[in-house]
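Structural overview for review
Here is how the chains run, residue by residue.
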Amino acid sequence: MRKHVTSLFISLFLLLMSIQLVQAQECEEINCNSDADDYLECVDRKKVCLEAKISEIRDQKITLSNTISLINGQVAVQELQINQSEAELSSLERQVTELSERISGLNVSLDRLTDMLIGRIQAQYKRTTVSPLLILAQANTFPQFYSQFHYLKQAGQNTAEAMGQAESQRIAYDEQKDLKETKQEEVAAKQRQLEQEQAALVGQRRDQQYLLQETASNEARYQAELQKTLAEINAIQSIIAGQGDEQKVGEVSGGDKIASIIVGASTCSTGTHLHFEVAKGGINLNPASYLKAIDANWNNQPDGSFGFGGDWDWPVNNAAKINQGYGMTYYARVRRAYGGAPHTGIDMASKSSDYTVKAVREGTLYRGSIACGGGRLRYVRVAHKDGDLSTYYLHVNYL
């Protein structure tokens, strides 16, 4: 009995493995011919296949190899999306051309019907002014009278039918014209979408090249930096959750010096910078929403830049040189530095060699530290009096 169960288990395992191998090969084997009738359907199948592989890679252990595979897959999906959008745009443009030709034909037909209808109405008007008694008087025989009278009646019916045809043609013309305008709007929207997708692809390829250059395709180097960033994000989350060792210092005002930035690498930090956090009730908030607008220098080009919409003064003098922004930055998005989580603060420094750290608002100052990467990560916190907010200043020396 055990042999049968073991044999069945092995068979099922081998079946699952073979299915996974087929699925892994599937995406590469789906060749979509742009001239084929089912091209868009084929592209959809390939996209679904690639997205499934991306999801599978994302759930695997974070390695440089997997990270490169992940971004390669995302680039491939983006390229397919662009191909799909281009095909849809081409189809819409053909529909607009066909509608233009159809409208032109309907317009000519409507003009002819209109001319014919005007002629018929004029003739009908002349006939309706002739009295039936006059026709009877002019007719030599009764059959001649009946024939002329029947002709007049039939002419009236023909005129009515021509009027109906002209009205139907006019309605068809208006419908086709409205449809063309709708399709033209769809063409414009699809063109905008295509431009956005092309810009996204440029960004993904830039990320791809930046990743390869920065890591030098070195797995050991990648893992060493990954362990630092993972340790840092875990420490930050613990600090925000109130698990750091803190000592109350006293009250401070906005602009007061409360610490200095550590120069060079330190515990869970690869270089000179201040990691600035804003939190409320244990929830991270975007510091850019609170800090004043400035002309910042962005060190990490793949991150781009974003605006600042608050009224707080900056925690560094001569602000600011920004190493990393808030959210799904290049390190979070591409390098998966935080295990797929976003960067929860802003990494900054002064544009000059000034390592002063200042309180952004009045409040109560605390000095704190927490275990991180085999050492102690030092920070200060200011509990503010307004809005139940706290600000955190990491990788610092105490005063």
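Described in the following lines is the structure provided in the data block.

Time to look at the sheet that holds strand S8 (residues 356-358). A sheet is described by the order of its strands in space; here 3 strands give the open sequence S8-S2-S12, paired in antiparallel fashion. Each edge of the open sheet is held by one strand with a lone partner, namely S8 and strand S12 (396-397).

This paragraph deals with the state of the cysteines. Scanning the entire structure with this criterion turns up 3 disulfides. Between the sulfur of cysteine 27 and that of cysteine 49 lies a disulfide, 2.0 Å long from S to S. With the S-S bond torsion at -95°, the cross-link from cysteine 27 to cysteine 49 turns out left-handed. You can see cysteine 27 sitting in helix H1 (residues 2-29) and its partner cysteine 49 sitting in helix H2 (residues 39-59), a full 22 residues away along the chain. Owing to a relative accessible area of 0%, cysteine 27 belongs among the buried residues under this scheme. Cysteine 32 shares a disulfide with cysteine 42; S-S distance 2.0 Å. Because the torsion about its S-S bond is -85°, the bridge between cysteine 32 and cysteine 42 counts as left-handed. Here cysteine 32, found in the loop between H1 and H2, pairs with cysteine 42, found in helix H2; they are 10 residues apart in sequence, far enough to count as distant. On the basis of relative accessibility, which here comes to 23%, the residue cysteine 32 falls in the partly exposed class. Under the relative-accessibility criterion, cysteine 42 is labelled buried at 5%.

Now for the pairing of strand S11 (residues 389-394). The buried fraction of S11 is high, at 6 of 6 residues. Here S11 shows a buried face lined by Leu389, Thr391 and Tyr393 and a second buried face lined by Ser390, Tyr392 and Leu394. Summarising the sheet, strand S3 (residues 274-280) and S11 pair through 6 bridges and their orientation is antiparallel. Looking at the pairing, histidine 275 lines up with leucine 394 of S11. In terms of strand pairing, strand S10 (residues 375-384) meets S11 through 5 bridges, oriented antiparallel. Residue pairing in the sheet places valine 382 in a bridge with threonine 391 of S11. The hairpin formed by S10 and S11 contains 4 residues between the paired strands, and glycine 387 there has a positive phi angle of roughly 75°.

Criteria and cut-off values
- Residues numbered from 1 in each chain as written.
- Predicted model: local features only at pLDDT ≥ 70, side-chain atom pairs only at ≥ 80, totals over all residues.
- Heavy atoms only, no water.
- Pairing = 2+ DSSP bridges.
- Helix = DSSP H or I, 4+ residues; strand = E, 2+ residues; numbered from the N terminus.
- Disulfide = S-S within 2.5 Å.
- Buried < 20%, exposed > 50% of the residue type's maximum accessible area, 1.4 Å probe, protein only.

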